[in-house]
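# Structure at a glance
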Amino acid sequence: MPKNSDKNSGLNLGFNLKFNELYELDGLAKIDAAFLDFLSEQNSDLTDQLKAGRVNKPDDKVESQILIDAGPHLENFLSKLFGIENQIDGLNECHHALRPFFDFKRTFVQRKAFKAVTPEKAAQIDGEELSQKLQSLFGHRFQETKDELIFVEKVSAWLEEPEAQSEAIEVALNYAGWALRTPEGRAKHQGGDLFKMPGKLDFERLVPAEMDLTSEYAVHKLPEQRLHRRAGFKLTDSGKDLKGALSEAHYCIYCHNQGKDSCAKGLLSNPKEEESDFANSPFGVPLTGCPLGVRISEMNILKAQGSALGALAALVIENPMTAGTGHRICNECMKSCVYQKQDPVNIPEIETRILKDVLALPFGFEIYSLLTRWNPLNLARPLPKAPTGFRVLVAGMGPSGYT
Ligand code: SF4
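Within any chain, residue numbers begin from 1 and follow the written order of that chain's sequence. pLDDT decides what is reported in this predicted model: residues at 70 or higher carry local features, side-chain atom pairs at 80 or more are listed and counted, and totals for whole chains, interfaces and linings draw on all residues regardless. To obtain the side-chain values, all non-hydrogen atoms of the structure were used and water was disregarded.

### Observations concerning the overall build of the protein
In this description a helix means any DSSP run of H or I spanning at least four residues, a strand means any run of E spanning at least two, and both kinds are numbered starting from the N terminus. Each helix and strand counted, the protein has 17 helices and 2 strands in total. Any residue under 20% of the maximum accessible area for its type is buried, any over 50% is exposed, and the rest in between are partly exposed; the area is computed with a 1.4 Å probe on protein chains only. Here the protein holds 403 residues, and 43% of them are scored as buried. Residue pairs at least 24 apart in sequence account for 67% of intrachain contacts in the protein once pairs closer than 6 positions are excluded. The Shrake-Rupley method, run with a 1.4 Å probe, gives the accessible areas here. Residue values count only the displayed protein chains as cover. Within the structure as shown, the protein displays about 22,100 Å² of accessible surface, and the carbon and sulfur contribution to it stands at 52%. In the protein, 47 positive and 55 negative side-chain charges are present, and the distance between their average locations comes to 3 Å. The contact rule is simple, with two residues in contact once any of their heavy atoms fall within 4.5 Å. Charged-residue counts in this description rest on Lys and Arg as positive and Asp and Glu as negative, His and the chain ends being excluded. Note that the charge is assigned to NZ on lysines, CZ on arginines, CG on aspartates and CD on glutamates.

### With respect to the packing of helix 5 (residues 99-116) against helix 8 (residues 148-160)
Packing of helix 5 against helix 8 leaves a shortest axis separation of 10 Å and a crossing angle of 75 degrees. Comparing their axes, helix 8 and helix 5 come out roughly perpendicular. Contacts from Pro100, Phe101, Phe104, Phe108 and Lys112 in helix 5 reach Glu148, Leu149, Phe151, Val152, Val155, Ser156 and Leu159 in helix 8. Amino acid classes used here: Ala, Val, Leu, Ile, Met, Phe, Trp, Tyr, Cys and Pro are nonpolar; Asp, Glu, Lys and Arg are charged; the rest, including Gly, are polar. Each residue belonging to the contact of helix 5 with helix 8 can be placed in one class, and the counts come to 9 nonpolar, 1 polar and 2 charged. Under this scheme, a helix contributes an axis fitted over its contacting stretch, all axes are lines through C-alpha atoms, and angles between N-to-C directions fall in the 0 to 180 degree range. Each angle gets one of four labels, with under 35 degrees taken as roughly parallel, over 145 as roughly antiparallel, 65 to 115 as roughly perpendicular, and the rest as oblique.

### A closer look at a nonpolar patch on the surface
Where nonpolar side chains cluster on the molecular surface, the patch consists of Leu206, Val207, Phe283 and Val285 and spans about 370 Å² of accessible area. Within the secondary structure, Phe283 is located in the loop between helix 12 (262-265) and helix 13 (296-304). To count toward a patch, a residue needs a relative accessible area over 30% and no salt bridge; like charges are then connected within 9 Å, while nonpolar side chains (Val, Leu, Ile, Met, Phe, Trp, Tyr) are connected within 5 Å. We define a salt bridge as a contact between a side-chain nitrogen of Lys or Arg and a carboxyl oxygen of Asp or Glu at a distance within 4 Å.

### Section: the pattern of salt bridges
Inspection of the entire model under this criterion finds 21 salt bridges. Linking Asp193 and Lys243 is a salt bridge whose minimum nitrogen-to-oxygen distance equals 3.4 Å. Here Lys243 lies in helix 11 (residues 242-251) and Asp193 lies in the loop between helix 10 (183-188) and strand 1 (210-212), a separation of 50 residues in the sequence. Overall, Asp193 belongs to the buried group, its relative accessible area being 9%. The closest approach of N and O atoms between Glu318 and Arg295, which form a salt bridge, is 3.1 Å.

### Describing the site of the ligand
Near the ligand the following residues occur: Cys252, Ile253, Cys255, Ser262, Cys263, Ser297, Cys337, Val338, Val345 and Ile347. Looking at the shell around the ligand residue by residue, the classes come out as 8 nonpolar, 2 polar and no charged. Any residue with a heavy atom lying within 4 Å of a molecule or strand is counted as near it.

### With respect to unusual backbone geometry
Despite not being glycine, Asn16 shows a phi value in the positive range, around 55 degrees. Positive phi is not limited to glycine here, since Tyr254 has a value of about 55 degrees.

### Some details on the packing of aromatic side chains
Working definition: rings of Phe, Tyr and Trp (its six-membered ring) pair if their centres are within 6.5 Å, and the pair is stacked with planes under 30 degrees apart, edge-to-face with planes over 60 apart, and tilted otherwise. This structure, assessed with the given rule, holds 23 aromatic pairs. Consider the rings of Phe19 and Tyr23, whose centres lie 5.9 Å apart with planes at 45 degrees: the pair is tilted. Tyr23 shares its class with Phe19; the two are buried. What links up through ring pairs into an aromatic cluster is the set Phe104, Phe108, Phe138, Phe142, Phe151, Trp158, Tyr175, Trp178 and Phe195. Comment: the charge-over-ring label is applied if NZ (Lys) or CZ (Arg) is within 6 Å of the ring centre and within 35 degrees of the ring normal. The ring of Phe114 has Arg181 lying over it, and the distance from NZ or CZ to the ring centre is 3.7 Å.

### Side note on the side chain of Asn346
Structurally, Asn346 can be placed in the loop between helix 15 (332-335) and helix 16 (347-359). Residues in contact with Asn346, not counting those within four places in the same chain, are Lys240, Glu248 and Met334.

Structural data, given as C-alpha cells:
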C-alpha cells in the first residue's frame, strides 16, 4: 500500500469493504464480487453479458456496447464505495448542464447561422454594434467568451417564440455569422467554444506561424496570443476546461459503431480489403492510430453522456499511465481520426480533462489508482494476475521507461 494511504488504511468503505483491501489481491476480488452483485441488481442481462465476455471475448461492437452500458453503473458503484455520491452528482450535473450548449451550437450556430450569413454578408456586419444590441436585449453583459452561456440561454428562449422574437433572433443570427466568418469575430471568440466551425486542414501550414520579414532573414513565429512563456518547469498551459473538452467529445461521431474508429485502430488505405495497409498522411507517415489502442470512441461517448468515472475506466483499460499522456504527449490518435480534411477531434485534451475531473474528486487519486488494478470494463483482465515473484526493471527513454 502506498505510504500516503496509511492514514486511510482502517477506513470503512461502502459494501462492507475496507480501505486497505483496495491494495490487496483478495480485497480486489471482493470489490469485483461486490460490483457484480451491485450490477446484477441494476441490470441482470448486462451482468450476464459482462460475465460471459470475461470467458469468451465478444465481438468488438458487442464489447464496446458492454463498456458503454456498464460505465455509468461502475460510476454509481464507485461513488457508493467511496461515499462521494453528492460530489459525483455535482460532477454529472456540470456535464448535463452543458448539453443544451452543444445542441444549440450544432443547430443554431453551425447549421443556421453559418448557412444564413455568407462571407460577403458577414464582411458587411458591424459585430461590435450587434454585440451592444445583444447586450441590451439580454439585459446582461455580453463581452467575453465566458458570456457565451448567456447567448445560448437567451437565444434558446427566443427560439421558443420565433414570431414574437423574430427581430431579436435576426440580430443573434447575424452576430453568430459574423463571429464565425470574419477574422475580427474569430479573434474575439478565439478562447470560447460556441462560435466555432471545424477548420479545413492545410498540411503545408499545420502550425499557424507568422513570417516576420523586417530583418535580413525571415523569422517564423507564432502569433503573440498563442505564445506560451516558459518560466521554470511549470506547465505553460492549463489545457481545456470541461466545456472545451466536452465540445471535442460532442464533435466525435463515435465511429466504433461502424467499426471505423481509426483513432484507436489506425486508418486503413483500403478498408474493404481484409489485409489492408495503413493509409499514409500527406507527409508519408503511416496513420497507425493510438499506439496503445485506447478505446477512444467509447471513452468519448461516456464523457459526452456525463459519466466521468465511466470514461476514465474506459480510458485506463489500455492506458493506465494516462497521467503521463494526454495533451502533453503524442497525438497519433488525432492524426488518424476519421476527420482527415478538417480539424480532427482533440482526443488528448479530452483524455487530460477526464483524468483531471476525477483527480479533483475526494478520493480521486484512489479511484484512478484502483481502476489501474481492478477494472470491470476490462473484460480480458478485470483483476491483476497473481504475483510471479519476479522483479522486473523497465528502462527506456520517454514514456516507455516509466510504465
Ligand atoms: S475521435 Fe475521430 S476517429 Fe475516433 S471515434 Fe471520434 S470521430 Fe471517429
